[in-house]
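Structural features, examined
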Amino acid sequence: MPIKITLNETLERDGCKLTKNAIAVEAKIRPGTLSDLVNGKSKGVTFDTIEKVIDAMNRLDPSGHYKLTDVFDYVNEE
């Protein structure tokens, strides 16, 4: 699949102060939904959920300036 979920790598980066639970609470989404997303078990995700996650990350860590590529990446498989 050319879409790679990179949220786990972002959270494990040195200096990242965010936790999955804190993001889920701040984004007002189920912790299980975020966990499935991080672990690659999610078959699909809505734009609304992506927006909530990124907005929550930026509210929790304003110095992070998180964006879509901190959650997803496109990998060309050619």
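Refer to the structure above for everything that follows.
Predicted, not measured: the structure shown is a model, and the values here were computed from it.

Broken down by element type, the chain carries four helices and two strands. Reading the secondary structure of the chain in the N-to-C direction produces β-α-α-α-α-β. Taken over the C-alpha trace, the chain has a radius of gyration of 12 Å; the compact-globule value for 78 residues is 12 Å, and the two agree within 12%. If one aligns the C-alpha atoms of the chain with their principal axes, the spans along those axes are about 35 × 25 × 20 Å. With 78 residues in all, the chain has 32% of them scored as buried. When contacts within the chain are restricted to residue pairs at least 6 apart in sequence, long-range pairs at least 24 apart make up 65% of them.

This part is about unusual backbone geometry. The phi angle at K28 is positive, at roughly 60°, despite the residue not being glycine. Mapped onto the elements, K28 comes out in the loop between α2 (20–27) and α3 (31–38).

This part covers α3. Among the residues making up α3, those that are buried are L34, L37 and V38. For α3, the angular spread of the buried residues around the axis is 95°, confining them to a single face. At its buried positions, α3 is contacted by β1 (3–5), α1 (7–12), α2, α4 (47–60) and β2 (72–74). G40, located one to two residues past α3, shows a positive phi value of around 75°.

Scoring rules and cut-offs
- Residues numbered from 1 in each chain as written.
- Predicted model: local features only at pLDDT ≥ 70, side-chain atom pairs only at ≥ 80, totals over all residues.
- Heavy atoms only, no water.
- Helix = DSSP H or I, 4+ residues; strand = E, 2+ residues; numbered from the N terminus.
- Rg over C-alpha atoms; globule rule 2.2 N^0.38 Å.
- Buried < 20%, exposed > 50% of the residue type's maximum accessible area, 1.4 Å probe, protein only.
- Contact = heavy atoms within 4.5 Å.
- Arc of directions from axis to C-beta.

Honestly, that's just the spatial picture; any functional story needs more than this.
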